[in-house]
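Residue strings, one per chain:
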Amino acid sequence: MVLSARTLDSVTVTAVAPTGYADVVRDEATLRRFLHGLPGVDQVGAEARAAGLATRSIKKASKVWALELAIRCVDLTTLEGADTPGKVRALCAKARRPDPGDPSTPQVAAVCIYPDLVGTAVAELAGSPVAVASVATAFPSGRASLRTKLADVADAVSAGATEIDMVIDRGAFLCGQYGQVYDEIVAVKEACGAAHLKVILETGELSTLDNVRRASWLALLAGGDFVKTSTGKVSPAATPPVALVMLEAARDFALATGHQRGVKLAGGIRAAKEAVRYLVMVHEVAGEDWLDPALFRLGASTLLNDLLLQRHKERDGAYSGPDYVTLD
Amino acid sequence: MPTWEYAPAPEARETARLRESYGMFVDGEFTDGSGSGSLKTVNPATEEVLADVAVAGQADVDTAVDAARRAFDSVWGPMPGRERAKYLFRIARIVQERSRELAVLESLDNGKPIKESRDVDVPLAAAHFFYYAGWADKLRYAGLGPDPRPLGVAGQVIPWNFPLLMAAWKLAPALAAGNTCVLKPAETTPLSALVLAEICRQADLPPGVVNVLPGAGETGAAVVSHPGVDKVAFTGSTEVGKQIQRMAAGTSKRLTLELGGKAANVIFDDAPLDQAVEGIVNGIFFNQGHVCCAGSRLLVQESVYGELLDKLKRRLGTLRLGDPLDKNTDIGAINSAAQLARIRELSEAGDAEGAHRWSPDCPLPDRGFWFPPTVFTGVSQAHRIAREEIFGPVLSVLTFRTPAEAVEKANNTPYGLSAGIWTEKGSRILWMAQRLRAGVIWANTFNRFDPSSPFGGYKESGFGREGGRHGLAPYLADDGGATRSENG
């Protein structure tokens, strides 16, 4: 649905919104009223609920199932200034075959890299189902003009990225310019074309859970295919209460609009145990539809090896050890 | 994609170190008593007999009260507070050390999920002993007079819903204040109190300071009406509470009663809805609703009724009912056949009076006593399920339009134990709290307990406070209630 054309930073942005929500994104004031009208989040209660879900005990077959699902949901990531084509090639090899000793190991969902290395990854992953995701929009700070951000996105997409991880303008969000944040996401979504858009909220900078809920709705209304917690460059990154609120937002958005959108948790998730706990949360909060890489991702690098080690342990009854997984 | 089934994750039953038979604990020894027979305590989740427990008769009550009197006169009363504190700290630490055993035993005997006995009952029981241990040498600073003194022998009767925790609530302040105790645990759940007695012995508590007498109503009546008992503390039904108050009338016994409740959990339209849903679940489905302060009447502002009910029903669909020993179980077994019959009877009254019953799709085990989480909508103040305490996993949903109407409906009950308020507006929380006639008022939470926070009721929910500085008052006198001065 086309709503209205607005000009932002000399880029024309055409607002879109799911059916029934056209009025909400009509102008800045209405959007603010809508976001501020969402039910509040009581932090103590959200923390208690997240802690309660973390006490689920996942054993035996249900644990193996969860470990394999977690592997399938991994966006295997390297986002360093020191990244080289060689490093990215190694990462791609790991993504295609996480555990060389066990061909039954599932492949990860995607690799996630900077835009200039997309070409390398696309070549390495040709013919495999592993997607190439690229961060863009002046990641991680997002401090650039919209034109620069869109050029960044266009670069990554033209190099073959099929998933784009953008960052929102946290400065604009925190000073209440929700319309600007919305318009930027809409413009980036348009620049993505067929590529999937993950919208990074950088929840560590949004600070309150009320903000996390508002930013999640804002990103989903603007057409984000996923909402994502963090860049991994800011602490805290993904935390259980933040994940809880984002999963609630995805669930509520689906119930309200009929559109199921994904949630990606990124930053600081290193242990398989944490990943399984997050899957429990996905299962019991968003629902079992979200137990799928199409609707849930874990941004990670070191996590993958712990998932593999735990899988060895479930398979063989004993831990193999760090020399039995590959370091890339 | 297949559904994700959580594999069973049961705690080992052996952890409970269950024995075939248990004696009563009198004057520092476990004994079979004077031959008043025994009772069989069963696992409500399977109906299997767990153990044979000796029942205390009148002669045993006499022996226990005499032992408690001797211990009070000769050891515990004269002992400096700082010395008494050492015993209480020791009991608290042993409860922590044996926490897993106690949690499994509690879940076996009571039917409550292990995650609750493990994360709530046992840690809180230890916390009560720790908290009151700290008071034992500071009684003169409790605001109860310059030289508060213990009363003597306390006769204490506790219910089956939190067997260990209620024993801790009763024993810890009484002992800290310098009283000695004769405790009667509930007929269906005597085991954890007997292990607590064992812990008292392990802590070298002098003989007679704590006595535990299992039995049914007759044993309880013998304890509370015993002329040698100076102080009676009872937690249980309002009906029995009234009998006890009649019995105590015209005697010198001091009395505190913690009785039933029919708490209103009030949800305003500006509430944090997802957390309110958790609070509703915690309010009425915690411990299968066997909670005197349970939020059994949900009062929802009409403007948010539909949204809230949808969220609540979706959430109830994720509750896991089954084996109490499984770490993933949210809803355990109903404690007894008698209680199950009462829950059924009141639920059927709800149907008959025209309320609408809803439960999530929730298969019940074949054996044992089970009742699914149940929500009644379309309930009015005139329905029995809005007035009588069900003491089970049954929520009655009513609506209101204005804050004044919420207060009026919340207070329109003979009970007054607890209430909940859900709103993001701080001023409204204070406005409501000033008007609700309930002993405990939770704001944006429910069923949270802490030893430093007083707990108790208004109206037919009883009188006297347990927990906090206030919880010392029922066990102390500043007017020569006992013969000896507190020399802590």
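How each quantity is defined
Residues numbered from 1 in each chain as written. Chains lettered and ligands numbered in written order. Predicted model: local features only at pLDDT ≥ 70, side-chain atom pairs only at ≥ 80, totals over all residues. Helix = DSSP H or I, 4+ residues; strand = E, 2+ residues; numbered from the N terminus. Buried ≥ 20, exposed ≤ 12 C-beta atoms within 10 Å, placed from the backbone. Contact = placed C-beta atoms within 7 Å. Pairing = 2+ DSSP bridges. Axes fitted to C-alpha atoms, helices over the stretch in contact; angles between N-to-C directions. Domains from an automatic or database assignment. Nonpolar A, V, L, I, M, F, W, Y, C, P; charged D, E, K, R; others polar. Right-handed = clockwise from strand over helix to strand, strands pointing away. Core = buried A, V, L, I, M, F, W, Y, C linked by C-beta atoms within 7 Å.

Draft legend 1. Geometry of the overall build of chain B. Looking only at helices and strands, chain B features 14 helices and 20 strands. Across its three principal directions, the C-alpha atoms of chain B cover 65 × 50 × 40 Å. Across the 488 residues that make up chain B, the buried fraction comes to 59%. Considering only residue pairs separated by 6 or more positions, chain B has 73% of its internal contacts joining residues 24 or more positions apart.

Draft legend 2. Layout of the sheet that holds strand β15 (residues 374-377) of chain B. Residues and elements named next belong to chain B. Overall, mixed pairing links the 7 strands, which are arranged β14-β15-β16-β13-β12-β17-β18 in an open sheet. Every interior strand has two partners, whereas the edge strands, β14 (356-358) and β18 (440-443), have only one. Each strand of the sheet is rotated relative to its neighbour by a mean of 20°, with strand direction disregarded. Pairing geometry for strand β13 (residues 297-301) and strand β16 (residues 394-400), over 5 bridges, is parallel. Looking at the pairing, R297 lines up with S396 of β16. Running at roughly 160° to strand β17 (residues 418-422), helix α14 (residues 426-435) makes contact with β12 (264-267), β17 and β18 of the sheet.

Draft legend 3. Main features of the domain arrangement of chain B. Residue and element names in this part refer to chain B. As far as domains go, chain B holds domain 1 (13-259 + 458-477) and domain 2 (264-443). Using C-alpha coordinates to define each centre, domain 1 is positioned 30 Å away from domain 2. Of all the elements in the fold, those that place two or more residues in the side of domain 1 that touches domain 2 are α3 (99-110) and α4 (114-135). Of the residues assigned to the side of domain 1 that touches domain 2, the class counts are 7 nonpolar, 7 polar and 8 charged.

Draft legend 4. Representation of the pairing of β13 of chain B. Residue and element names in this part refer to chain B. Within β13, 5 of the 5 residues are buried, leaving the element largely enclosed by the surrounding structure. Residues R297, L299 and Q301 point to one face of β13 and L298 and V300 to the other, with burial holding for every one of them. Note on the crossover from β12 through helix α9 (residues 273-284) to β13: the handedness is right-handed.

Draft legend 5. Summary view of unusual backbone geometry. With an omega of 0°, the peptide bond between F139 of chain A and P140 of chain A qualifies as cis. One can find P140 of chain A in the loop between β5 (131-135) and α6 (146-158). Across the junction of S235 of chain A and P236 of chain A, the peptide omega takes the value 0°, indicating a cis bond. For P236 of chain A, the location among the structural elements is in the loop between β8 (226-228) and α11 (240-257). Positive phi outside glycine occurs at D204 of chain B, with the angle close to 60°. Relative to the helices and strands, D204 of chain B resides in the loop between α6 (191-202) and β9 (210-212). Its identity as a non-glycine residue notwithstanding, F391 of chain B has a phi of 60°, on the positive side. Position of F391 of chain B relative to the elements: it lies in the loop between α12 (384-387) and β16.

Draft legend 6. Structural context of the nonpolar core. Core analysis: the largest hydrophobic core is formed by 115 residues, its most contacted members being A70, V74 and V111 of chain A. Tallying contributions element by element places helix α12 (residues 272-286) of chain A first for this core, with 10 residues. Not counting the four nearest positions on each side in its chain, V74 of chain A is found in contact with V108, A109, L298, A300, L303 and L304 of chain A. Core analysis: the next-biggest nonpolar cluster, separate from the first, contains 96 residues, V42, I114, A126 and A154 of chain B among them.

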